[in-house]
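A look at the structure
Chain residues, written in single-letter form:
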Amino acid sequence: MLSGSPAGAHTKTKGAGKMRIGEKIRRIRTAKVMTQKQLAGDRITRNMLSRIECGVATPSLETLLYIAERLNVSPGYLLAEGEDERMYLKMYRIENIRRAFRGGEFEICRDLCLASGLEGDDEINLVLAECCAKIAKERFREGKLRSAVRYFEEAVEYAGRSAYDSGTIPAEAGVYL
C-alpha cells in the first residue's frame, strides 16, 4: 500500500494551486457517490486520500494517475486550472452531448448542455440553439404554440450568443412566429 512515502503523496504546506487537486478529487468522488475507502482501493490508504482531499498532502505522479483512473477522468483534468480546466470539462462532457444530438434526443441534449457547466462556450451555445429550434418545431407540430414560442425565443437567444450564428435560426424562428 502506498502511504506518505515518495511513491504515495508528499506532505506540503497548504497552497492555493495544489489544494485545488484535492478539492477536485473530492468533488468528483462525491459526485460518483464513492467513499474515500472505495476510491483509495488497495493502492493508497484512506487516510492519505483524506490528506490529499484536504490539501495537506500532494499526490505523487503515480498516485495521481491511480486516482484519475479510479475516477475515470484524465489526470490532466485534475491538474488543470482556469481555461485548461474548461477544456478538459468540455472533452469529458461533449461526447454525450453529441451522441444525444445525433440520435435526435434534442431535449436530453439541451439538458446535458445546460448541466455541462460550459456556459458561454460557442459550440455549446450553437448546439443549444439547434436543440431549442428543433424542440420548438416539434411543439408547433403538436399544436403546443406557447411552448413552441418559448423554445424559439430560447433558440434565438442561444444563437445570438454563439460566434457561429449564421442567422439561420432567427430566420427560421421568424417563419414560425
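An account of the accompanying structure is given in this report.

A word on the nonpolar core
Counting 43 residues, the largest nonpolar core has I25, I67, L71 and L78 as its most contacted members. At nine residues, the largest contribution of residues to this core is made by helix α8 (residues 122-141). Here I67 is in contact with I25, L39, I44, L49, I52 and L78, once residues within four sequence places are set aside.

As for the pattern of salt bridges
For the structure shown, the criterion picks out 12 salt bridges. One salt bridge connects E138 with R141, and the closest N-O pair in it is separated by 3.1 Å. Placement of both E138 and R141 in helix α8 is noted, with a separation of three residues, approximately one turn of the helix. Residue E138 is classed as partly exposed on the basis of its relative accessible area of 32%. We classify R141 as exposed; its relative accessible area is 57%. R161 serves as the salt-bridge partner of E157, at 2.2 Å between the closest nitrogen and oxygen. Here E157 and its partner R161 are both found in helix α9 (residues 145-161), four residues apart, which amounts to about one turn of the helix. Among the residues examined, R161 registers a relative accessible area of 45% and is labelled partly exposed. Three or more residues joined by partner-sharing salt bridges are found here, namely R26, R29 and E53.

Digging into the packing of α8 against helix α10 (residues 168-176)
Between α8 and α10, whose axes approach to 11 Å, the crossing angle comes to 15 degrees. With respect to α10, the axis of α8 lies roughly parallel. For the crossing formed where α8 meets α10, the hand is left-handed. Seen from α8, the contacting residues are A129, E130, A133, K137 and F140; seen from α10, they are I169, E172 and Y176. In the contact of α8 with α10, the residues fall into five nonpolar, no polar and three charged.

What counts and how
- Residues numbered from 1 in each chain as written.
- Predicted model: local features only at pLDDT ≥ 70, side-chain atom pairs only at ≥ 80, totals over all residues.
- Heavy atoms only, no water.
- Core = buried A, V, L, I, M, F, W, Y, C linked by side-chain atoms within 4.5 Å.
- Buried < 20%, exposed > 50% of the residue type's maximum accessible area, 1.4 Å probe, protein only.
- Helix = DSSP H or I, 4+ residues; strand = E, 2+ residues; numbered from the N terminus.
- Contact = heavy atoms within 4.5 Å.
- Salt bridge = Lys/Arg side-chain N within 4 Å of Asp/Glu carboxyl O.
- Axes fitted to C-alpha atoms, helices over the stretch in contact; angles between N-to-C directions.
- Parallel < 35°, antiparallel > 145°, perpendicular 65-115°, else oblique.
- Left-handed = near helix turned anticlockwise from the far one by under 90°.
- Nonpolar A, V, L, I, M, F, W, Y, C, P; charged D, E, K, R; others polar.

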